[in-house]
Amino acid sequence: MKCISILGSTGSIGTQTLDVVRNNKEKFNIVGLSANNNIDLLEKQIKEFHPVAVSVMNEKKALELKKRLGNIKTKVFYGLDGLTTIATLEASDLIVTAVVGMIGLIPTIEAIKCKKDIALANKETLVTAGEIVMKEAKRNNVAILPVDSEHSAIFQCLMGYTLKDIRRIILTASGGPFRGYKKAQLQDVTVKEALNHPKWNMGKKISIDSATLMNKGLEIIEAKWLFDLSLDQIDVVIHPQSIIHSMVEYKDSSVIAQMGYPDMRVPIQFALTYPSRTKNNYKKLNLLEVATLTFEKPDRDTFPCLNLAYEALRIGGSLPTVLNAANEELVALFIQQRIGFYDIPRIVELALEKHDVQYELTIDEIIQMDRWARNFVKKISFKAV
């Protein structure tokens, strides 16, 4: 039985991970859970899965949760230290990093140092510190198993092959809720409209990133580090049906694609059971129902975040960290209805332009660059309102 800790158990990926565990009780044991501050749902998860320890971000919420649990022996921690405690529990074999944002970096690094395999759904970890994370994983003989549907697809298409066989990878994107729109149509879009993803059930932050195509930009950077690719080996194509989750083109012109009905539990389950595959009762792909698969070129003029991500990766150094941090802050402001939709790429671009790029960074320096970008956005964004 594989012992699992989930960082971000009350979010979209976390709850779907627990659904996978629920359907495979003989294979998995939950030993650690963490949440932001949703202690109502976390309490239910504790009573169902009986973890050794849990953590929330807020100390008062942690004390309230502990009081609610009464005689239940689950230990309750809080803050970044608590998150790191869950990531490094001795009993864990595999850490599912399902938190959203830069907050996942330190716990993931510490888990790797403790030789825990990582089921990675927190793309920001590789966007901000990909080189450090992958070197640390190699040093500790730790597997980084991708959970994102696109990266899981690439991972599966690469099985049995090596980097020297690859010509390029092709990441697919649904196009989000605004596929086919032009700039004039997006000037006054609402948060509700941006959250209305046509295919995937995701949290608010990732849904907004999908609407701006920044999510695909972050995935490009993540793919570079996961698969040790150069920038010119990573392409993006819009595929609105979300049936082909991504593809690998080999040097002999063969293209291998991974397909399936769009359900995040499938790549989650593969990361949990790897290298084995396990039966499930999820909806099966029926190509006769799908009937047609279509592909389009991304509209980089209407969705400039994709270009910003490519540029950040091309220049490298601290720029991807700045891209990610600025975007995180701006998405939060957009969700709060304090800035407009196009303020996101506009101010991200400003942050990239104003930043003095640095190279060969330590984790502490990456955190400083992250803080610089957030402070920059907080000063600039109010001028945009």
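All values reported here derive from a predicted model rather than from experimental measurement.

What counts, and at which threshold
Residues numbered from 1 in each chain as written. Predicted model: local features only at pLDDT ≥ 70, side-chain atom pairs only at ≥ 80, totals over all residues. Heavy atoms only, no water. Salt bridge = Lys/Arg side-chain N within 4 Å of Asp/Glu carboxyl O. Helix = DSSP H or I, 4+ residues; strand = E, 2+ residues; numbered from the N terminus. Buried < 20%, exposed > 50% of the residue type's maximum accessible area, 1.4 Å probe, protein only. Pairing = 2+ DSSP bridges. Right-handed = clockwise from strand over helix to strand, strands pointing away. Axes fitted to C-alpha atoms, helices over the stretch in contact; angles between N-to-C directions. Contact = heavy atoms within 4.5 Å. UniProt positions renumbered as here; feature names shortened; annotations may be inferred. Patch = residues over 30% accessible without salt bridge, like charges linked within 9 Å, V, L, I, M, F, W, Y side chains within 5 Å. Areas by Shrake-Rupley, 256 points an atom, 1.4 Å probe, with all protein chains shown as cover. Expected span 1.5 Å × (residues − 1).

### What to know about the pattern of salt bridges
Link 1 in the chain: This structure, assessed with the given rule, holds 28 salt bridges.
Link 2 in the chain: Arg168 is paired through a salt bridge with Asp235; the nearest N and O atoms lie 2.6 Å apart. Taken as a pair, Arg168 in strand 8 (residues 166-173) and Asp235 in strand 9 (residues 234-238) lie far apart in primary sequence, 67 residues in all.
Link 3 in the chain: Judged by relative accessible area, which is 23%, Arg168 ranks as partly exposed.
Link 4 in the chain: Salt bridges sharing partners connect three or more residues here, namely Asp19, Arg22, Glu48, Asp263 and Arg265.

### With respect to the pairing of strand 2 (residues 28-34)
Link 1 in the chain: Buried residues dominate strand 2, accounting for six of its seven residues.
Link 2 in the chain: Relative to strand 3 (residues 53-56), strand 2 runs parallel, the two being bridged by three bridges. Residue Gly32 lies in a different strand from strand 3, and its bridge partner there is Ala53.
Link 3 in the chain: Following the chain from strand 2 across helix 2 (residues 39-49) to the adjacent parallel strand 3, one finds a crossover that is right-handed.

### Focus: the sheet that holds strand 6 (residues 117-120)
Link 1 in the chain: In spatial order, the strands read 4-3-2-1-5-6-7; together these seven strands make up an open sheet with parallel pairing. The outermost strands of the open sheet, each flanked by one partner alone, are strand 4 (75-78) and strand 7 (144-146). Neighbour-to-neighbour, the strand axes of the sheet open up by a mean angle of 25°, direction not taken into account.
Link 2 in the chain: In terms of strand pairing, strand 5 (residues 94-97) meets strand 6 through four bridges, oriented parallel. Considered in strand 6, the bridge of Val96 is made with Ala119.
Link 3 in the chain: Seen against the sheet, helix 3 (residues 59-69) touches strand 3 and strand 4 and runs at an angle of roughly 170° to strand 4.
Link 4 in the chain: Where helix 5 (residues 105-113) meets the sheet, it contacts strand 1 (2-7), strand 5, strand 6 and strand 7, and its direction lies at approximately 150° from that of strand 6.

### Thoughts on the sheet that holds strand 10 (residues 244-250)
Link 1 in the chain: Spatially, 9-8-10-11 is the arrangement adopted by the four strands of the open sheet, whose pairing is mixed. Each having just a single partner strand, strand 9 and strand 11 (255-259) make up the two edges of the open sheet. Each neighbouring strand pair of the sheet contributes to a mean axis angle of 20°, computed without reference to strand direction.
Link 2 in the chain: In terms of strand pairing, strand 10 meets strand 11 through five bridges, oriented antiparallel. Directly across from Met247, in strand 11, lies its bridge partner Ala257.
Link 3 in the chain: Strands strand 8 and strand 9 of the sheet are contacted by helix 11 (residues 214-227), whose axis makes an angle of about 150° with strand 8.

### Re the UniProt feature "binding site: Mn(2+)" (unreviewed entry) in the protein chain
Link 1 in the chain: Residues annotated by UniProt as "binding site: Mn(2+)" (unreviewed entry) correspond here to Asp148, Glu150 and Glu219. Over a stretch of 72 residues, the named residues converge on one spot in the fold, their C-alpha atoms separated by at most 8.7 Å.
Link 2 in the chain: Tracing the backbone shows Asp148 in the loop between strand 7 and helix 7 (149-157).
Link 3 in the chain: On the basis of relative accessibility, which here comes to 9%, the residue Asp148 falls in the buried class.
Link 4 in the chain: Residues within four places of Asp148 in sequence aside, it is in contact with Leu120, Ala121, Lys123, Glu219, Glu222 and Met264.
Link 5 in the chain: Given a relative accessible area of 10%, Glu150 falls into the buried group.
Link 6 in the chain: Dropping the residues within four chain positions of it, Glu150 is found in contact with Leu171, Thr172, Lys216, Glu219, His245 and Ser246.

### Focus: unusual backbone geometry
Negative phi values dominate among residues other than glycine, just as trans dominates among peptide bonds.
Link 1 in the chain: A cis amide bond links Tyr274 to the next residue, Pro275, at an omega of 10°.
Link 2 in the chain: By the secondary structure assignment, Pro275 is in the loop between helix 12 (265-273) and helix 13 (287-290).
Link 3 in the chain: In this structure, Leu213 takes a positive phi of about 70° despite not being glycine.
Link 4 in the chain: Here Leu213 is to be found in the loop between helix 10 (204-212) and helix 11.

### Concerning a nonpolar patch on the surface
Link 1 in the chain: A contiguous nonpolar patch, built from Met259, Tyr261, Leu285 and Leu287 and spanning about 330 Å² of accessible area, is present on the exposed surface.
Link 2 in the chain: The topology assignment puts Met259 in strand 11.
Link 3 in the chain: For Met259, a relative accessible area of 35% gives the class partly exposed.

### Remarks on helix 15 (residues 319-335)
Link 1 in the chain: The first and last C-alpha atoms of helix 15 sit 24 Å apart over 17 residues, in line with the 24 Å expected at 1.5 Å per residue.
Link 2 in the chain: Counting buried residues along helix 15, 15 of its 17 residues qualify, which places the element largely inside the surrounding structure.

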